Amino acid sequence: MKMVTDCFGRPVRLTDQRLAHILEHAEMRDMDEEIVRTLRFRTEVRVSSTDAAVRLFYEFYFRTAVGDKWLCVVVKYLSTMHLSLPHI
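About the criteria used
- All residue numbers refer to position in the chain's written sequence, counted from 1.
- Thresholds applied to this predicted model are a pLDDT of at least 70 for local features of residues and 80 or more for the giving and counting of side-chain atom pairs; totals over whole chains, interfaces and linings are not thresholded and use all residues.
- Side-chain metrics rest on all non-hydrogen atoms present in the structure, leaving aside hydrogens and water.
- Numbered from the N terminus, helices here are DSSP runs of H or I no shorter than four residues, and strands are runs of E no shorter than two.
- A 1.4 Å probe rolled over the protein chains alone gives each residue an accessible area, and that area as a share of the maximum for its type sets the label: buried under 20%, exposed over 50%, partly exposed in between.
- By definition in these notes, contact holds between two residues if any of their heavy atoms fall within 4.5 Å.
- To measure how exposed things are, a 1.4 Å probe is used in the Shrake-Rupley method; for residues, cover is taken only from the protein chains shown.
- For two strands to pair, DSSP has to find at least two bridges joining them.
- Whenever a carboxyl oxygen of Asp or Glu lies within 4 Å of a side-chain nitrogen of Lys or Arg, that contact is scored as a salt bridge.
- Put simply, two rings from Phe, Tyr or Trp (the six-membered ring, in Trp's case) pair if the centres are within 6.5 Å, and we call them stacked under 30 degrees between planes, edge-to-face over 60, tilted for the rest.
- Lysine NZ or arginine CZ positioned within 6 Å of the ring centre and within 35 degrees of the ring normal marks a charge as sitting over the ring.

## Considering the overall build of the chain
Part 1: Secondary structure summary: the chain contains 2 helices and 6 strands in total.
Part 2: Helices and strands appear in the chain in the N-to-C order β-β-α-α-β-β-β-β.
Part 3: Per-residue burial over the chain gives 35% buried out of 88 residues.
Part 4: Residue pairs in contact within the chain that sit at least 24 positions apart in sequence constitute 40% of those at least 6 positions apart.
Part 5: Accessible surface for the chain amounts to roughly 5400 Å². Of this, 51% is attributable to carbon and sulfur atoms.

What follows is the structure in C-alpha cells.
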C-alpha cells in the first residue's frame, strides 16, 4: 500500500490491489508514478458535482502509451482514511 500526501497536505491511501487493477488498463501502463505526481503537483483540482467528498486531480502528460492525454486521479476523502482511484 502506498500513502501519498496530496497537494493540500492530506494523506491518500492507494492499495496494492487497486494499483494493480488500474495498471491492467493499457492506457495506464507504466503510469504509477504519474498517479502520485498528479496528486502532488496537479494542474487543476475540481470538486465532484455528485459527491462533495470527492476531488478530481488533473494533469496533462505527453507521450503516454496512448499518446498525449489528461490524467484524472479521483480521490474520495473518508473520515479516517483516504482512497485514490484514477478515472480512465
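## Side note on the pairing of strand β3 (residues 44-47)
Part 1: As paired elements, β3 and strand β4 (residues 54-64) share 4 bridges and run antiparallel to each other. Looking across to β4, one finds that valine 45 is bridged to phenylalanine 57.

## Section: the pattern of salt bridges
Part 1: Summed over the entire model, instances satisfying the criterion amount to 5 salt bridges.
Part 2: Between glutamate 34 and arginine 37 there is a salt bridge; the shortest N-O distance is 4.0 Å. Of this pair, glutamate 34 and arginine 37 both sit in helix α2 (residues 32-40), 3 residues apart, which is roughly one turn of the helix.
Part 3: Judged by its relative accessible area of 38%, arginine 37 is partly exposed.
Part 4: Across the salt bridge formed by glutamate 44 and arginine 46, the nearest N and O atoms sit 2.7 Å from each other.

## Some points on the packing of aromatic side chains
Part 1: For the structure shown, the criterion picks out 3 aromatic pairs.
Part 2: Judged by centre distance (6.3 Å) and plane angle (55 degrees), the rings of phenylalanine 8 and phenylalanine 57 are tilted. Placement of phenylalanine 8 in the loop between β1 (2-5) and β2 (11-14) and of phenylalanine 57 in strand β4 is noted, with a sequence separation of 49 residues between them.
Part 3: Residue phenylalanine 57 is classed as buried on the basis of its relative accessible area, which comes to 0%.
Part 4: Taking the centre distance of 4.9 Å and the plane angle of 80 degrees together, the rings of phenylalanine 60 and phenylalanine 62 count as edge-to-face.
Part 5: Its relative accessible area of 27% is what places phenylalanine 60 among the partly exposed residues.
Part 6: Taking relative accessible area as the criterion, phenylalanine 62 reaches 54% and is therefore assigned exposed.
Part 7: Three or more aromatic residues link up through ring pairs in this structure, and these residues are Phe60, Phe62 and Trp70.
Part 8: Between the NZ or CZ atom of arginine 10 and the centre of the ring of tyrosine 77, over which it lies, the distance is 4.0 Å.

Such coordinate-based values are descriptive only and should not be taken to indicate function.
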